[in-house]
Structure formats: structure tokens, C-alpha cells
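Read off the chains here:
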Amino acid sequence: MKIALGCDHAGFRLKETVKEYLQGKNIHVYDFGTFDESPIDYPDIAYTVGKSVQDGKFDFGIIVCGTGVGVSITANKMRGIRAALCGDTFTAHAAREHNDANVLTMGARVIGKGLAQDIVDAFINTSFAGGRHLERVKKINIYEEQGHE
Ligand code: RB5
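Note that the structure is a prediction, hence the values are computed from the model and not measured.

1. Some points on a nonpolar patch on the surface
A cluster of nonpolar side chains, contributed by Val69, Ile73 and Leu85, occupies part of the molecular surface with about 230 Å² of accessible area. The topology assignment puts Leu85 in strand β4 (residues 83-85). Take Leu85: its relative accessible area is 36%, and that puts it in the partly exposed class.

What follows is the structure in C-alpha cells.
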């Protein structure tokens, strides 16, 4: 499993803990930054991580900003990206099982390190259920194409 990581200044510290956590599990992570708490614009990092997933270079992306909202909105503008803002493990599990989410976003000003780790576990360890959920994801793809017209 290969995971692309990213954050803005508000998400820097939590992103670092997520990175250490995943590396401790011998999961391959690539850190697209940012690398300190100097202010940056969250759309830039969300696009970079989203593109790496869109291009098939990574199985999942994980992006952290202050709320998780800005990076989620940005990533969800990208064709084929299904970004899920998660603040609990149930949502993280369902986002994979039902929505085949390929990007997890979290808010560093909202949740702590322990919950973030549990959310990451729930997200990366859950498979897409397919079946009726696949039919619904296909509809997302149809509306996505219409939205790009
Ligand atoms: C940065 O202040 C903050 O706006 C950003 O991290 C994020 O929460 C935006 O959605």
C-alpha cells in the first residue's frame, strides 16, 4: 500500500504524527509537505496530493488542514477523486466501504492524535463493498462528467 500525505501549516503537526504512525507500520508513505508551520494555501497541497492519487501513483491520499474542509473541497473538484472528511471512525469505515473514498481528509484543529490514528486505521483497512454501492459510485462519475461540461 502506498499513501500520499499532505497538509497546510495548520495540519503540519498532525500530518507528522500520521506519517510516523504509518511508517511504524511499514506502510510506504510519500510526504508532499508542507514541512513547517509557515502559512501556505491549502488548495495547492490538496491538488498535489489529489493529482498523485488521480495518476495512480498512490492507493490513497491523506490530507490535513485546520478543519479538513478546505482540502476536501479542493480534492473533490478533481476527476476521480472521492475525498472524505472524517472526524470519527464510523465515517472513515463507511467512506471506504460505501463510497470507495480514495482520499481521507482530517482537521487538525478538530481532532487529536489518537483519534486521527484510529481514523486512518479504519480508512486504510476497509475495502470497498461494491455491489449496490458500486452502482452509486458510478452515478457519482456520471454527475462528475456532467459537472465538467
Ligand atoms: C488555515 O487557517 C485554515 O483556513 C485551513 O487550514 C483550513 O482549515 C481550511 O479549510
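Resuming the write-up.
2. Re the environment of Phe12
Of note, Phe12 is situated in helix α1 (residues 12-24). A relative accessible area of 16% means that Phe12 is categorised as buried. Each C-alpha atom of the pair Phe12 and Ile142 lies 35 Å from the other, and the pair is 130 residues apart in sequence. Contact partners of Phe12, with chain neighbours within four places excluded, come to Cys7, Thr34, Phe35, Asp36 and Glu37.

3. Some remarks on the pattern of salt bridges
Following the criterion strictly, the structure yields 12 salt bridges and no others. A salt bridge links Lys25 to Asp121, with the nearest nitrogen and oxygen atoms 3.5 Å apart. With a gap of 96 residues between them, Lys25 in the loop between α1 and β2 (28-31) and Asp121 in helix α5 (residues 113-124) connect regions that are remote in the sequence. The exposure class assigned to Lys25 is partly exposed, which follows from its relative accessible area of 40%. In this structure, the salt-bridge partner of Asp55 is Lys51, at a minimum N-O distance of 2.9 Å.

4. Observations concerning the sheet that holds strand β5 (residues 103-107)
The five strands lie next to each other as β2-β1-β3-β5-β4, forming an open sheet whose pairing is parallel. Both edges of this open sheet fall to β2 and β4, since each of them pairs with a single strand only. For this sheet, the mean angle separating the axes of adjacent strands, direction not counted, is 20°. Pairing geometry for strand β3 (residues 60-65) and β5, over five bridges, is parallel. Directly across from Gly61, in β5, lies its bridge partner Val103. Set on the sheet, α5 makes contact with β1 (2-7), β3 and β5; between it and β5 the angle comes to about 165°.

5. Considering the pairing of β2
Judged by which residues are buried, β2 turns out to be one-sided: Val29 and Asp31 face inward and are buried, whereas His28 and Tyr30, on the alternate face, are not. Bridge count for β1 against β2 is four bridges, and the pairing is parallel. Among the inter-strand pairings, Ile3 is bridged to a residue of β2, identified as Val29. Each parallel crossover has a hand, and for β1 linked through α1 to β2 it is right-handed.

6. Description of the packing of α1 against α5
Where α1 meets α5, the axes come as close as 10 Å, and the angle between the chain directions of the two elements is 50°. It follows from the interaxial angle that α1 and α5 lie oblique. Our pair here, α1 against α5, has a crossing hand that is right-handed. For the pair formed by α1 and α5, the contact residues are Leu14, Thr17, Val18, Tyr21 and Leu22 on the first element and Lys113, Ala116, Gln117, Val120, Asp121 and Ile124 on the second. Split by residue class, the contact of α1 with α5 holds seven nonpolar, two polar and two charged.

Cut-offs and rules
Residues numbered from 1 in each chain as written. Predicted model: local features only at pLDDT ≥ 70, side-chain atom pairs only at ≥ 80, totals over all residues. Heavy atoms only, no water. Patch = residues over 30% accessible without salt bridge, like charges linked within 9 Å, V, L, I, M, F, W, Y side chains within 5 Å. Areas by Shrake-Rupley, 256 points an atom, 1.4 Å probe, with all protein chains shown as cover. Salt bridge = Lys/Arg side-chain N within 4 Å of Asp/Glu carboxyl O. Helix = DSSP H or I, 4+ residues; strand = E, 2+ residues; numbered from the N terminus. Buried < 20%, exposed > 50% of the residue type's maximum accessible area, 1.4 Å probe, protein only. Contact = heavy atoms within 4.5 Å. Pairing = 2+ DSSP bridges. Axes fitted to C-alpha atoms, helices over the stretch in contact; angles between N-to-C directions. Right-handed = clockwise from strand over helix to strand, strands pointing away. Parallel < 35°, antiparallel > 145°, perpendicular 65-115°, else oblique. Left-handed = near helix turned anticlockwise from the far one by under 90°. Nonpolar A, V, L, I, M, F, W, Y, C, P; charged D, E, K, R; others polar.

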